[in-house]
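# Secondary and tertiary structure notes
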Amino acid sequence: MEIKELQEKVELHLSSVWKDNVKVSQMQHLSGGACQDNYALDLISKSGKQSLVLRTDKGASLLSSLSKRDEFKVAELVYKAGVKTPTPVFLEETSDVIGAPFFLMEKIGGKATGRYITKDKELDSYRKTQMVTDLASNLAKLHTVKPSSISDEELKQKLKLVTKENYISIAISDLRQSLDELPEAHPAIELCLFWLESNAPAIDDIVLVHGDFRTGNFMMNSDGLQGILDYEFAHFGDRHEDIAWLCMRDWRFGRLNKEVGGFGDRKDFYDAYQNTSGIPVDPFKVTFWEIMGNVRWAIGSAQQTERHLSGKDKGIELAAIGRRTAEMEWEAMRLIEEISNAI
């Protein structure tokens, strides 16, 4: 759909829903990755001018991602928990307006690119003094959302209700199923899954997990953290899962010595998380989920390439992602060797 047509449809729909003369003064397409489309827009109504972002799916989203309705509902829960995140504004659950469900959220400042977060001189002072603390404390607040605090039963089911006893076995089973659906064999992933089954730790509590908490999914500028984004992979799970995902080698953007997102140190992040949550971080559990995360990303990379190769969703970005599969397999096995030698 052309921008002009999209702008007109959104303008007409919001005017009808809000019983107001809503005008969209401008709309601009933003980058949204392989599965998402984002548009910045300025909206004018009786209540004044708002700078918003419209978020919707491209032709096809990943099977594990939440619907736009559920992603919006998670954003509301996280916002109410005190996490620094864009204010959720409006949800359209049907495809009648623009051909797919969408939602509107506050447009925030800053940049999310890996090079900017990890290397730009504009962030040098903030990176050295407060970045790790701000992200750790916000993640701890996100983890205060638990199944018992959610009244929306439909959303609970979509976030996959699990228990402390069965969550890891379910997670491994899901990965095995996804692996079996790929057209080619991946013996390195099979080896890693066997190790994960044999070394699964106990989980202290089931909490809401962001699911993609990494450099690239939070906005920063010289004033600091502007907001955490993208809840499409949120689910119930182990708090260590999010910490491990942020620490994965692939999200360090070349700054391998800074194991937290390419900008921080693990001990500083663990301490800041505990200071907010009152709950210690278990380094073994972080490594366990780091191995799991690499396996998950290896399979996800292969799945996205298969979308291209099968002809279902042609795209050079999808094709290129496939090369990451071998990198993730290597990193998962490196971590297994490292932790096995330490035990």
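The structure presented is a predicted model; accordingly, all values stated were derived computationally and were not measured.

Cut-offs and rules
- Residues numbered from 1 in each chain as written.
- Predicted model: local features only at pLDDT ≥ 70, side-chain atom pairs only at ≥ 80, totals over all residues.
- Heavy atoms only, no water.
- 1 Å grid on protein atoms, 1.4 Å probe; cavity = no way out; pocket = protein on both sides within 12 Å on 5 of 7 lines; lining within 4 Å.
- Points joined across faces, edges and corners; volume = space filled by probe spheres on them.
- Helix = DSSP H or I, 4+ residues; strand = E, 2+ residues; numbered from the N terminus.
- Nonpolar A, V, L, I, M, F, W, Y, C, P; charged D, E, K, R; others polar.
- Core = buried A, V, L, I, M, F, W, Y, C linked by side-chain atoms within 4.5 Å.
- Buried < 20%, exposed > 50% of the residue type's maximum accessible area, 1.4 Å probe, protein only.
- Domains from an automatic or database assignment.
- Expected span 1.5 Å × (residues − 1).
- Arc of directions from axis to C-beta.
- Salt bridge = Lys/Arg side-chain N within 4 Å of Asp/Glu carboxyl O.
- Contact = heavy atoms within 4.5 Å.
- Buried area = accessible area lost by both parts, 1.4 Å probe.

## Concerning the layout of surface pockets
Empty space within the second largest pocket amounts to approximately 200 Å³. In terms of lining, the second largest pocket is formed by 13 residues, of which the most central are Arg266, Thr287, Glu290, Leu335 and Glu338. Contributions of two or more residues to the lining of the second largest pocket are made by α10 (266–277), α11 (283–309) and α13 (324–342). Broken down by element, the lining of the second largest pocket gets its largest block of residues, five residues, from α13. Taken together, the residues of the lining of the second largest pocket sort by class into six nonpolar, one polar and six charged.

## Quick notes on the nonpolar core
Of all hydrophobic cores here, the largest spans 74 residues; its most connected members are Phe218, Met220 and Phe269. It is α11 that provides the largest number of residues to this core, a total of ten residues. Summarising the domain contributions, this core has at least three residues from each of domain 1 (23–106) and domain 2 (114–342).

## Regarding empty space enclosed by the protein
Regions of empty space are outlined by a rolling probe, equal in size to a water molecule, passed over the atoms. In the structure shown here, the tally under the stated rule is one cavity of 30 Å³ or more. For the largest cavity, the calculated volume is near 110 Å³. Taken together, 13 residues line the largest cavity, and the ones lying closest to its centre are Ala75, Phe103, Met105, Asp230 and Tyr231. Of all the elements in the fold, those that place two or more residues in the lining of the largest cavity are α2 (68–80) and β5 (102–106). Per-element accounting of the lining of the largest cavity gives the leading share, three residues, to α2. Looking at which domains feed residues into the lining of the largest cavity, each of domain 1 (23–106) and domain 2 (114–342) gives three or more.

## Overview of helix α7 (residues 167–181)
For α7, which comprises 15 residues, the first-to-last C-alpha distance of 21 Å matches the rise-based estimate of 21 Å (1.5 Å per residue) to within 8%. Tyr167, Ile168, Ala171, Ile172, Leu175, Ser178 and Leu179 are the residues of α7 that are buried. Looking down the long axis of α7, one finds its buried residues gathered within 130° of arc, a one-sided arrangement. In this structure, α7 carries Asp180 and Glu181 as exposed residues pointing more than 90 degrees from its buried face.

## Thoughts on the pattern of salt bridges
According to the stated counting rule, one finds 32 salt bridges in the structure shown. When the shortest N-O distance is used, the salt bridge between Glu8 and Lys4 registers 2.8 Å. One end of the pair, Glu8, and the other, Lys4, are both in helix α1 (residues 3–18), four residues apart, so they sit about a helical turn from each other. Taking the shortest distance from any N to any O, the salt bridge between Asp124 and Arg127 comes out at 2.7 Å. With Asp124 and Arg127 both in helix α4 (residues 124–129) and three residues apart, the pair spans about one turn of that helix. On the basis of relative accessible area, Asp124 is assigned to the partly exposed category, the value being 29%. Where salt bridges share partners, they join Arg55, Asp57, Lys68, Glu71, Asp230 and Glu232 into one cluster.

## Observations regarding the domain arrangement of the chain
Entries for the chain in the domain assignment read domain 1 (23–106) and domain 2 (114–342). Relative placement of domain 1 and domain 2: their C-alpha centres are 23 Å apart. Between domain 1 and domain 2, the contact holds 24 residues from the first and 27 residues from the second. Note on domain 1 versus domain 2: buried area summed over both sides is about 2,300 Å², and carbon and sulfur give 61% of it. Viewed at the interface, domain 2 and domain 1 are joined by five salt bridges.

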